[in-house]
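# Chain and residue survey
Here's the letter readout for the chains.
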Amino acid sequence: MSKSRVLFTDRKAEPYYNMLDKLEHVLKELGLPQTIEKGDKVMIKTHFGQWGNTNYIRPAYVRKVVEFVRAAGGDPFVAESCGLGYGDGGPYGGRTTAPEYITMAALNGFSEGTLSAPIIMADGYWGTDTLDVVVDGEFIKKVDVASAVLDCDRVIVLSHAKGHLHGGIAGSLKNLGIGLVGKRGKAAMHTTGEIKVDPAKCRGPECSKCLDVCPVRCITMDEKAEIDSGRCISCVHCSSICDRIDARAISVHWRPDYDQAPRFVENALGVVKSIGAEKFYYVNLAIDISDKCDCWNVGAALLVHDIGIFGSRDPVAVDQACFDAVNDAEPNPESTVAEAKRGMDKFAIAHSLKNPKTGELQHLAEIQLAHAEKMGLGSRDYELVTLTKNPPNSNRT
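My aim in this report is to walk through the structure given alongside it, one point at a time. This structure is a prediction, so every number in the text was calculated from the model and none was measured.

## What about the overall build of the chain?
Of regular secondary structure, the chain possesses 13 helices and 17 strands. Radius of gyration (C-alpha) of the chain: 21 Å, near the 21 Å computed for a compact globule of 397 residues. Here the chain, with 397 residues, has 56% of them falling under the buried criterion. For the chain, the share of sequence-separated contacts (at least 6 apart) that also reach a separation of at least 24 residues comes to 72%.

Here it is in structure tokens:
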């Protein structure tokens, strides 16, 4: 497989070549002005952050992409998808239904007014508005792709490059494989699908709260709650609401950390397959880099200094380039990776997860990226093209 082209512009901004200008430069070099046709429906897929997290992408970056697409003749909209569980984030932190998440997004600065484009939840009110796409994965055979993807002429995947407790690195692949699938796809990564009711703890008809929050209405109540496992999508709504009232009658079996990344990689394969790889563009913002995903309700301390912006048509290559750059950067002396030497896997060190069988440190980013290449999503071998104000120059890695 030939090397994939990855564009890069560093964090050194100037008054007339600031970070928004640099983002526009990356979009131009990706060829978007030449490929967007008048009236094209263009999704800008991003993440709005959890309430309490302050490291998420700033709305100004998203608005810059919106303005760029509109100037090129496209019809842009900004999209996200619902999270697992039900109302887990408290009064301002819910990400599990469309109204919850859009309300919280506005608190974090994302609205139609600030972005100059509509905001939609790509998988609908409950996170179940999806279409199944068959894939030949090792773990996943059918991906519930968010339905909004299917109507797109182009998808710009605008990701915040940072750590992820279950995947090592969270970048474009995570934004595809978790961010553009429905709740069944998220559950396939996080859980084994075993949702069980303990009759001894269930409060029966006098409670029945789980019935109202089940998006597929697969729970019935006689003397105790019963779940139709054949229809259940493992969205964890029932377990979440049961925990909130402190009954804790419904249990969920969560997957071990090392077992999750290959599954969201195969989800990503289904998303790309749904409309074709040629319609996707990937931009990773390697700034405000902590070991925590933006779905955490805390803005964790940064591991390294801001690095810059990466762009590619290859999601594997762009994530690999970010991963290499983070590992090559000097660590923040006050971070959890302060003693890490250049080239070490900083996310693995920060997460400190051990393989239960061997006791060795788990390199989850390596697992994720290797599996993505194996599944044919792209190449880990890349050519890094550094952009400047002048014509770009090439540096091979």
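Next comes the rest of the account.
## Things to note about the nonpolar core
By size, the foremost hydrophobic cluster in this structure holds 60 residues, and its most contacted members are M43, L176, F280, F310 and L377. Take this core: its biggest share by element is eight residues, from helix α10 (residues 261–275). When near neighbours in sequence (up to four residues on either side) are disregarded, M43 contacts F77, A79, A122, A148, V149, C152, R154, V155, I156 and L180. Grouped together as the second largest cluster of nonpolar side chains are 39 residues, L7, I119, V283 and I287 included.

## Some words on helix α9 (residues 237–244)
Most of α9 sits out of view: six of its eight residues are buried. What α9 keeps buried is the set H237, C238, S239, S240, I241 and C242. For α9, the elements touching its buried residues are α7 (183–190), β10 (191–197), α8 (209–213), β11 (219–221), β12 (225–227) and β13 (250–254). With its phi angle positive at about 65°, D246 sits one or two positions after the end of α9.

## Observations concerning empty space enclosed by the protein
Inspection of the entire model under this criterion finds three cavities of 30 Å³ or more. Volume-wise, the largest cavity comes out at about 120 Å³. Going through the elements one at a time, α8 and α9 are the ones with two or more residues in the lining of the largest cavity. Here the lining of the largest cavity gets three residues from one element, more than from any other, and that element is α9. For the lining of the largest cavity, the class distribution of residues is 13 nonpolar, two polar and two charged. As a volume, the second largest cavity reaches approximately 80 Å³. Residue lining of the second largest cavity: 13 residues in total, with C214, C218, C232, C235 and C238 positioned closest to the centre. In terms of residue class, the lining of the second largest cavity is made up of 12 nonpolar, one polar and no charged.

## Comments concerning the pairing of strand β15 (residues 308–312)
With five of five residues buried, β15 lies mostly within the body of the structure. Inspection of the sheet shows strand β1 (residues 4–10) paired to β15 by five bridges, in the antiparallel sense. Bridge assignment links T9 to a residue of β15, and that residue is I309. With five bridges joining them, strand β14 (residues 280–286) and β15 adopt antiparallel strand pairing.

## Section: the pattern of salt bridges
Summed over all chains, the structure comprises 22 salt bridges. Put simply, D288 and R58 hold a salt bridge, and the shortest N to O gap is 2.9 Å. With D288 in the loop between β14 and β15 and R58 in the loop between β2 (41–45) and α3 (59–71), this pair connects stretches of sequence that are 230 residues apart. The partner of D259 in a salt bridge is R263, and the shortest N-O contact between them spans 2.9 Å. Across the pair, R263 and D259 agree in class, each one buried.

## Description of the packing of α10 against helix α13 (residues 364–374)
The contact between α10 and α13 brings their axes to 9 Å, and the two run at 35°. At the point where α10 passes α13, the crossing takes the right-handed sense. Together, A261, P262, F264, V265 and E266 of α10 and I367, Q368, H371 and A372 of α13 make up the contact between the two elements. Considering only residue class, the contact of α10 with α13 consists of six nonpolar, two polar and one charged.

## Thoughts on helix α11 (residues 315–328)
Taking 1.5 Å of rise per residue, the 14 residues of α11 would be expected to cover 20 Å, and the 20 Å separating its terminal C-alpha atoms lies within 8% of that figure. In terms of burial, α11 is a largely internal element, 11 of the 14 residues being buried. Those residues of α11 lying buried are P315, V316, A317, V318, D319, Q320, A321, C322, F323, V326 and N327. Its side-chain oxygen at 2.8 Å from the backbone nitrogen of V316, D314 defines the N-terminal cap of α11.

Reading guide: rules and limits
- Residues numbered from 1 in each chain as written.
- Predicted model: local features only at pLDDT ≥ 70, side-chain atom pairs only at ≥ 80, totals over all residues.
- Heavy atoms only, no water.
- Helix = DSSP H or I, 4+ residues; strand = E, 2+ residues; numbered from the N terminus.
- Rg over C-alpha atoms; globule rule 2.2 N^0.38 Å.
- Buried < 20%, exposed > 50% of the residue type's maximum accessible area, 1.4 Å probe, protein only.
- Contact = heavy atoms within 4.5 Å.
- Core = buried A, V, L, I, M, F, W, Y, C linked by side-chain atoms within 4.5 Å.
- 1 Å grid on protein atoms, 1.4 Å probe; cavity = no way out; pocket = protein on both sides within 12 Å on 5 of 7 lines; lining within 4 Å.
- Points joined across faces, edges and corners; volume = space filled by probe spheres on them.
- Nonpolar A, V, L, I, M, F, W, Y, C, P; charged D, E, K, R; others polar.
- Pairing = 2+ DSSP bridges.
- Salt bridge = Lys/Arg side-chain N within 4 Å of Asp/Glu carboxyl O.
- Axes fitted to C-alpha atoms, helices over the stretch in contact; angles between N-to-C directions.
- Left-handed = near helix turned anticlockwise from the far one by under 90°.
- Expected span 1.5 Å × (residues − 1).
- Polar contact = N/O pair within 3.5 Å; in protein donor to acceptor, adjacent residues only side chain to side chain.

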